[in-house]
Structures are given as C-alpha cells and as structure tokens.
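What follows is each chain in one-letter form.
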Amino acid sequence: AFFVDKSFVEKDGARTLAIMTAGNFDPEKFVVLNEKLVIMGAATPVKTGAPQATTKASMSGEISIEASTPYPAILFISEIDYPGWEMYLDGKKTPYMRANYVFRAVALNSGSHKIEFRYRPPSARAGLAISLAGLLALSGLIGFNFKKSR
C-alpha cells in the first residue's frame, strides 16, 4: 500500500485501461478511480511530513494497514479487488473505491488510521447456512428415530 499524488475519475473500464496504457501514466503517482472521490475517516492532527503506510498483517483473507497523513490523501492498495472484500476504517465498516481497474483505494482524511480488509465471500456464508441446515435436519432425524425406537 502506498499514497498517490493525483487521481482521475473514470467509470468506463475501457477508458480506464486506455488511460493506464498511455505512455505518460505513472501508477506510483496517479490513480484512476471508478467513482467520485470521498474523503474517509476523522481528521486528526499529525506531524508534518509525507504520508506513510505500513502493512502490519497480511494473512489469507485479511489485510491490516496502518496509515498516517498530514493532509487528505489517497491510499492505493495493490491487492486485486474481488467480490466479498469488506473494508473497516478505524473499526467502522466503510466502502472503498476501485482503483486502476482492478485494485482498491481509499481517500483518507489527515491523521493516523487503521485500515483492515476482510474477505467474506457470499458463497462462504451460503455454504455455512446450508451446512447448518443439514446438521439440524440430521439431528432431527436422529432424535426422531431415537424417540421412535423407545
């Protein structure tokens, strides 16, 4: 994860790719967002200097980033966006933006912030619900057969 200096909003995927493949596109300084920029998080005083971001933990299904910026800035997260990712900013579930066609970004207010990404795909929730329903049905059958045999 790193901070970028400039952003541009382009909702059309083909145009986003055209911008990114142009010879003057520098992904370390510029990000193409798929929606209007919205600054997130509470503004808090911070020492002057450049924005900084450190990935503290990156496990399967979870990413934790600590970021600090003296002014509002865009944090680019170089992880592929995929349905099921949820972002928590300073402990609150918060939407993030798609950046550079397939990645993620969040526009942070000044201050220190903790950003957490958790992968919670809908298919896993459906699988859990089906498994629990099956377990309940099996328990009911066992109980019914036990009661019937007595």
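Residues numbered from 1 in each chain as written. Predicted model: local features only at pLDDT ≥ 70, side-chain atom pairs only at ≥ 80, totals over all residues. Heavy atoms only, no water.

**With respect to the sheet that holds strand E9 (residues 92–94)**
One open sheet accounts for five strands, arranged E5-E6-E12-E8-E9; its pairing is antiparallel. The sheet terminates laterally at strand E5 (52–59) and E9, the two strands that pair on one side only. Shown here is a sheet whose adjacent strand axes are inclined to one another by a mean of 25°, direction ignored. Bridge count for strand E8 (residues 85–89) against E9 is three bridges, and the pairing is antiparallel. Across the sheet, residue Leu89 finds its bridge partner in E9, namely Lys92. (Pairing = 2+ DSSP bridges. Helix = DSSP H or I, 4+ residues; strand = E, 2+ residues; numbered from the N terminus. Axes fitted to C-alpha atoms, helices over the stretch in contact; angles between N-to-C directions.)

**Describing the nonpolar core**
Judged by nonpolar contacts, the single largest core of 16 residues is most densely connected at Leu75, Met87, Val106, Leu108, Ile115 and Phe117. Looking at this core, the elements that each hand over two or more residues are strand E6 (62–69), strand E7 (73–77), E8, strand E11 (103–108) and strand E12 (111–119). Excluding anything up to four places from it in sequence, Leu108 contacts Phe3, Ile39, Met40, Ala67, Tyr71, Pro72, Ala73, Leu75, Leu89, His113 and Ile115. (Core = buried A, V, L, I, M, F, W, Y, C linked by side-chain atoms within 4.5 Å. Buried < 20%, exposed > 50% of the residue type's maximum accessible area, 1.4 Å probe, protein only. Contact = heavy atoms within 4.5 Å.)

**Considering the pairing of strand E2 (residues 6–9)**
Sheet topology places E2 next to strand E3 (residues 30–33); four bridges connect them, and they run parallel. If you follow Val9 over to E3, its bridge partner there is Leu33. Regarding topology, helix H1 (residues 13–21) serves as the crossover connection from E2 to the parallel E3, and that connection is right-handed. (Right-handed = clockwise from strand over helix to strand, strands pointing away.)

**Describing the side chain of Asp81**
Looking at where Asp81 falls in the secondary structure, it is placed in the loop between E7 and E8. A relative accessible area of 13% places Asp81 in the buried class. Within the structure, the side chain of Asp81 is placed 2.4 Å from the side chain of Tyr96, a separation counted as a polar contact. Sequence-distant contacts of Asp81, defined by excluding residues within four places in its chain, comprise Tyr96, Arg98, Val102, Phe103 and Arg104. (Polar contact = N/O pair within 3.5 Å; in protein donor to acceptor, adjacent residues only side chain to side chain.)

**What to know about the side chain of His113**
Considering the arrangement of structural elements, one finds His113 in strand E12. One polar contact links His113 to Asp90, side chain to side chain, over a distance of 2.8 Å. From its side chain, His113 meets the backbone oxygen of Asn109 in a polar contact 3.0 Å long. For His113, the residues in contact, after removing those within four places along its chain, are Gly41, Ala42, Ile65, Glu66, Ala67, Leu89, Asp90 and Leu108.

Everything listed here is a matter of geometry and, on its own, says nothing about what the molecule does.
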